[in-house]
Amino acid sequence: AGKIVVAAGAWARELMATLGLDLPQYYIQGACMVMERSSLLLKHTVTTFTSPRIAMERGASQALEHTPWEQLPQFHSNEFIIVPDTNGNHLVAQRSCVQAAWMHSVPHAFLQDMCRNVYTHFPSLGQSRVLRSWITPVPFVPDEEPFWGPLEGEENVIMATGFGSVLIMAPMIGTVTRQLVLGEQVDYDLSAFRPNRKMTYHG
């Protein structure tokens with residue numbers, strides 16, 4: 001291929017290992033659930049924010065300075081957000097963890113933690129059933145910066161991975177990555193995001 005773009009999110013480290021690169025990008029696994037509709041009629045999103053996820057990420061970053069990812073202990077955070085959907089049900093999030101082992105289903109303890117949050121703020125949901133739940137990985141980079149730009153030694157490989165959130169950044173990420181692939185003038189200085197950079201931990 002003339003150019004290869006690596007935008008594999010949480011799977012980028014495993015993919016780059018095939019090129020002999022130990023990419024220091026890991027993952028956070030986040031669980032969410034949907035509760036059935038009830039007499040509670042929310043019109044807006046409700047959230048409380050006390051930075052548990054930031055503390056979790058920084059704890060994991062500090063541990064990764066001297067502990068291999070595969071031996072990392074678990075780190076957890078329990079945040080609260082509830083969002084009404086168009087069917088009158090309630091999306092509830094988020095119970096997160098940093099650990100090497102993949103999770104393919106939501107642990108019962110995670111569901112309990114999310115329900116406890118809901119009942120604390122909205123007791124009327126105490127009789128509502130959990131309709132479905134899921135857990136998915138998102139990228140986690142210890143220095144809190146993405147890997148974005150050409151890979152040194154493999155100049156036909158363009159990396160665009162490790163972003164903490166792409167919900168509002170996706171159009172800009174796509175535009176700049178297109179410029180990199182086509183060899184056009186890039187509108188931003190991406191030097192801080194070099195894929196081969198020496199990692200500086202922010203813990």
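Residues numbered from 1 in each chain as written. Predicted model: local features only at pLDDT ≥ 70, side-chain atom pairs only at ≥ 80, totals over all residues. Heavy atoms only, no water.

A. Here's a closer look at the sheet that holds strand S3 (residues 46-48). Taken in spatial order, the 5 strands of this open sheet run S3-S4-S5-S2-S6, and their pairing is antiparallel. With one partner strand each, in any of the chains shown, S3 and strand S6 (130-140) form the two edges of the open sheet. On average, adjacent strands in this sheet sit at an angle of 20 degrees to one another, irrespective of strand direction. In this structure, strand S2 (residues 26-35) lies alongside S6, joined through 10 bridges in antiparallel fashion. Bridging across to S6, Met 33 finds its partner in Ser 133. The strands that helix H2 (residues 52-64) touches are S2, strand S4 (75-84), strand S5 (90-98) and S6; relative to S4, the one it contacts most, it runs at about 150 degrees. Here helix H3 (residues 108-121) sits on the sheet and contacts S2, S3, S4, S5 and S6; the angle it forms with S2, its principal contact strand, is near 55 degrees. (Pairing = 2+ DSSP bridges. Helix = DSSP H or I, 4+ residues; strand = E, 2+ residues; numbered from the N terminus. Axes fitted to C-alpha atoms, helices over the stretch in contact; angles between N-to-C directions. Contact = heavy atoms within 4.5 Å.)

B. Geometry of the side chain of Ser 61. Inspection of the secondary structure puts Ser 61 in helix H2. Within polar-contact distance, the side chain of Ser 61 engages the backbone oxygen of Pro 142 at 3.2 Å. (Polar contact = N/O pair within 3.5 Å; in protein donor to acceptor, adjacent residues only side chain to side chain.)

C. Region of the structure containing the pattern of salt bridges. Scanning the entire structure with this criterion turns up 9 salt bridges. Notably, a salt bridge pairs Arg 197 with Asp 143, separated by 2.9 Å at the nearest N-O pair. Residue Arg 197 is found in the segment after helix H4 (170-182), and its partner Asp 143 is found in the loop between S6 and strand S7 (147-151); the two are separated by 54 residues along the sequence. Of the two residues, Arg 197 and Asp 143, neither departs from the other in class, the shared state being buried. With a closest N to O distance of 3.4 Å, Arg 178 and Glu 184 form a salt bridge. A network of salt bridges, in which partner residues are shared, links Arg 13, Asp 22 and Glu 70. (Salt bridge = Lys/Arg side-chain N within 4 Å of Asp/Glu carboxyl O. Buried < 20%, exposed > 50% of the residue type's maximum accessible area, 1.4 Å probe, protein only.)

D. Highlighting the environment of Ser 191. Looking at where Ser 191 falls in the secondary structure, it is placed in the segment after H4. A relative accessible area of 37% means that Ser 191 is categorised as partly exposed.

E. Seen up close, the sheet that holds S7. Taken in spatial order, the 3 strands line up as S1-S8-S7 in an open sheet, and their pairing is mixed. Looking at which strands have only one partner, the edges of the open sheet turn out to be strand S1 (4-6) and S7. Geometrically, the sheet is characterised by an average inter-axis angle of 20 degrees between neighbouring strands, direction not taken into account. Set on the sheet, H4 makes contact with S1, S7 and strand S8 (154-161); between it and S7 the angle comes to about 10 degrees.

F. Structural detail: a nonpolar patch on the surface. A grouping of Leu 167, Ile 168 and Met 169 is seen on the molecular surface, where their side chains present a nonpolar patch of about 380 Å² in accessible area. If you trace the backbone, Leu 167 turns up in the loop between S8 and H4. (Patch = residues over 30% accessible without salt bridge, like charges linked within 9 Å, V, L, I, M, F, W, Y side chains within 5 Å. Areas by Shrake-Rupley, 256 points an atom, 1.4 Å probe, with all protein chains shown as cover.)

G. Fine view of the layout of surface pockets. Each pocket or cavity is described by its volume, and for the largest pocket that value is around 800 Å³. Along the wall of the largest pocket there are 33 residues; nearest its centre are Arg 53, Val 138, Gly 164, Ser 165 and Leu 167. Listing elements by their share of the lining of the largest pocket, those giving two or more residues are S2, S3, S4, S5, S6, S8 and H4. Here the lining of the largest pocket is built from residues that sort into 19 nonpolar, 12 polar and 2 charged. Roughly 300 Å³ of internal volume is contained in the second largest pocket. Lining the second largest pocket are 16 residues, with Glu 144, Gly 162, Phe 163, Gly 164 and Ser 165 positioned closest to its centre. Every element with two or more residues in the lining of the second largest pocket is listed here: H2 and S6. Its residues assigned to classes, the lining of the second largest pocket comprises 9 nonpolar, 3 polar and 4 charged. (1 Å grid on protein atoms, 1.4 Å probe; cavity = no way out; pocket = protein on both sides within 12 Å on 5 of 7 lines; lining within 4 Å. Points joined across faces, edges and corners; volume = space filled by probe spheres on them. Nonpolar A, V, L, I, M, F, W, Y, C, P; charged D, E, K, R; others polar.)

None of the figures reported here should be taken as evidence of function without further support.
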